[in-house]
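Remarks on the overall topology
Below, each chain spelled out in residue letters.
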Amino acid sequence: MKIAVVICEYNPLQNGHIYHLSRAKTDTGAERVVCVMSGNFTQRGECAVSDKYTRATWAVKNGVDMVVELPPQYVLTTAKYFALGGVKIANLIKGDVILSFGSELGDIKALQEIADIQEDSNFKSALKTSLDLGNGYAKSYGDAIGKVSPQFADCVCSPNNILAIEYIKALNELNSKVLPHTVKRIGGGYHDKKATELCSASAVREACEKGKLNDVRQSVPACVYDALSRSDMQKHLDVKDRIFMLLKYCAPNIDMTMIHGVKEGVENRISSLLDECDCWQGFWSKLTTKRYTDAYLLRTLTNVLLSNEYSANDLAQENINFVNVLAVAERSKDLLSAFNCDVATKSGHIPNDSLIHTADLLYSCLLCNFSNHMQIVKD
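Notes on the structure in this doc start here. In this text the structure is predicted, and so the values were computed from the model without any measurement.

1. Remarks on the side chain of glutamine 73
- Looking at the element boundaries, glutamine 73 is found in helix 3 (residues 72-75).
- By relative accessible area, glutamine 73 is classed as buried at 6%.
- At 3.3 Å, the side chain of glutamine 73 forms a polar contact with the side chain of tyrosine 310.

Right under this line is the structure:
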């Protein structure tokens, strides 16, 4: 059986995602589509707009056969390990598997060439030089590519291209038999907040936050619009205040030097500002700096609350030995036997030491309770 795998967040699912799903199936001739989706927290370190079971159900209602969870340790990290975790799960699927991903470039050969460049000693030297000058990783990455292969300099400034390159690198690193496939992204880019029929998920989120959900009604499937219109958006808007209070309470008892991603003394900056500030707004305005991206800081704060002590080496070496199924189409339940590992269909099946439990508990504390078992979606 030929299976297309899509690594995603669907925060929320929008028309551009549905276009990609359609192309992934038709371009590759896949009989089934399996999504590997982030759980209740996104790669930016934020609470997802809806819980993971709801978002997985949206996907199945719009053509996906099954959605499994990308564990939090692979979500709340850099693009490199986000991609690596997704590819590890794709490797567990039986049959002929194709990994399909969107990219601004839309050219698999060019993306493979860029991925190969990063193994070049000149690239590694240029990257180190830029990092040593105090630049952030994203800027250093772009600068290094620009010096070694100027024709690709603009490509690595685009978030979907960056992830696409990391998917290819992960496939190579793991000697995977999974084949890569890319679909050229259409519609609004990640940072484009204009409401259109093919606007970005970030544009949909912004419309929700501003109470203008009706502006993006044509940008998302009906099931997504209905769910978002019923959600308590004020609770989402206030979530950073609750995160701040939890940090004030919990951080003094946590050795932040052991937390994933903590570097260069940022733990001291966080601790001192938690003592100094009495609200999220004041804390965040003083914490942010040109040295670190907002996404890095948000991820780090969430990892502190989760006590996520996975190291980069842990992520590289870990063998994923189970998948947590979030939703499946009733017609596709045979896919439950399509993995070369254990399959969890409810929270009680998940190992007790899994970070999934901690992440689910934190999301429940911050926003709401949710289902704790696989959703079966009827045709």
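2. A closer look at the packing of helix 14 (residues 280-287) against helix 15 (residues 294-306)
- Packing of helix 14 against helix 15 brings their axes to within 11 Å, and their N-to-C directions diverge by 125°. Classified by the angle between their axes, helix 14 and helix 15 sit oblique to one another. Crossing geometry of helix 14 relative to helix 15 is assigned as right-handed. Contact with helix 14, carried on its side by Trp280, Phe283, Trp284 and Leu287, involves Asp294, Leu297, Leu298 and Leu301 of helix 15 and no other residues of that element.
- Here the contact of helix 14 with helix 15 is composed, by residue class, of seven nonpolar, no polar and one charged.

3. Thoughts on helix 14
- What helix 14 keeps buried is the set Trp280, Phe283, Trp284 and Leu287. One side of helix 14 carries all its buried residues, which in axial view fall inside an arc of 95°. For helix 14, the exposed residues set more than 90 degrees away from the buried face come down to Gln281 and Ser285.
- Contacts made by the buried residues of helix 14 are with helix 12 (239-250), helix 13 (266-276) and helix 15.

4. What about unusual backbone geometry?
- Here the bond from asparagine 11 into proline 12 is cis, since omega is 0°, no more than 30 degrees from zero.
- Its location among the elements puts proline 12 in the loop between strand 1 (2-8) and helix 1 (15-28).
- Although it is not a glycine, asparagine 175 sits at a positive phi angle of roughly 50°.
- With respect to the secondary-structure elements, asparagine 175 resides in the loop between helix 8 (159-173) and strand 5 (179-184).
- Of note in the backbone geometry, glutamate 264 takes a positive phi value of approximately 55° without being a glycine.

5. Examining the packing of aromatic side chains
- All chains considered together, the criterion is met by nine aromatic pairs.
- Ring plane angle 70° and centroid distance 5.9 Å describe the contact between tyrosine 363 and phenylalanine 370, whose orientation is recorded as edge-to-face.
- Each residue in the set Phe41, Tyr53, Tyr363 and Phe370 is aromatic and connected to the rest through ring pairs, giving one cluster.
- Over the face of the ring belonging to tyrosine 296 we find lysine 263, whose NZ or CZ atom lies 4.8 Å from the ring centre.

6. Notes on the pattern of salt bridges
- Applying the stated criterion across every chain, the model contains 14 salt bridges.
- Close ionic contact of glutamate 119 with lysine 124 constitutes a salt bridge, the shortest N to O distance being 4.0 Å.
- A relative accessible area of 53% places glutamate 119 in the exposed class.
- Each member of the salt-bridge network shares a partner with another, and the members are Arg44, Glu46 and Lys240.

7. Remarks on the environment of tyrosine 363
- Here tyrosine 363 lies in helix 17 (residues 355-366).
- For tyrosine 363, a relative accessible area of 1% puts it in the buried group.
- Once the C-alpha coordinates of tyrosine 363 and lysine 235 are considered, the two residues, 128 residues apart in sequence, prove to be 12 Å apart.

8. Looking at helix 6 (residues 121-132)
- Under the 1.5 Å per step criterion, the end-to-end length of helix 6 is 16 Å for twelve residues, consistent within 8% with the ideal 16 Å.
- For helix 6, the full list of buried residues reads Phe123, Ala126, Leu127 and Ser130. Down the axis of helix 6, the smallest arc covering the buried residues is 100°, so these residues share one side. In helix 6, the exposed positions that point more than 90 degrees away from the buried face belong to Ser121, Lys128 and Asp132.
- Where helix 6 begins, the capping side chain belongs to aspartate 120, and its oxygen is found 2.7 Å from the backbone nitrogen of asparagine 122.
- Note on helix 6: the residue one or two positions beyond its end, glycine 134, has a positive phi of about 95°.

9. Thoughts on the nonpolar core
- Counting 53 residues, the largest nonpolar core has Val5, Met66, Val68 and Leu99 as the members making the most contacts within it.
- Among residues more than four places away in sequence, those in contact with leucine 99 are Val5, Ile7, Val87, Tyr167, Leu171, Val178, Leu179, Pro180 and His181.
- Grouped together as the second largest cluster of nonpolar side chains are 35 residues, Tyr10, Val49, Val60 and Ala329 included.

The rules behind these values
Residues numbered from 1 in each chain as written. Predicted model: local features only at pLDDT ≥ 70, side-chain atom pairs only at ≥ 80, totals over all residues. Heavy atoms only, no water. Helix = DSSP H or I, 4+ residues; strand = E, 2+ residues; numbered from the N terminus. Buried < 20%, exposed > 50% of the residue type's maximum accessible area, 1.4 Å probe, protein only. Polar contact = N/O pair within 3.5 Å; in protein donor to acceptor, adjacent residues only side chain to side chain. Axes fitted to C-alpha atoms, helices over the stretch in contact; angles between N-to-C directions. Parallel < 35°, antiparallel > 145°, perpendicular 65-115°, else oblique. Left-handed = near helix turned anticlockwise from the far one by under 90°. Contact = heavy atoms within 4.5 Å. Nonpolar A, V, L, I, M, F, W, Y, C, P; charged D, E, K, R; others polar. Arc of directions from axis to C-beta. Phe/Tyr/Trp six-rings, centres within 6.5 Å; stacked < 30°, edge-to-face > 60°. Lys NZ or Arg CZ within 6 Å of the ring centre and 35° of its normal. Salt bridge = Lys/Arg side-chain N within 4 Å of Asp/Glu carboxyl O. Expected span 1.5 Å × (residues − 1). Core = buried A, V, L, I, M, F, W, Y, C linked by side-chain atoms within 4.5 Å.

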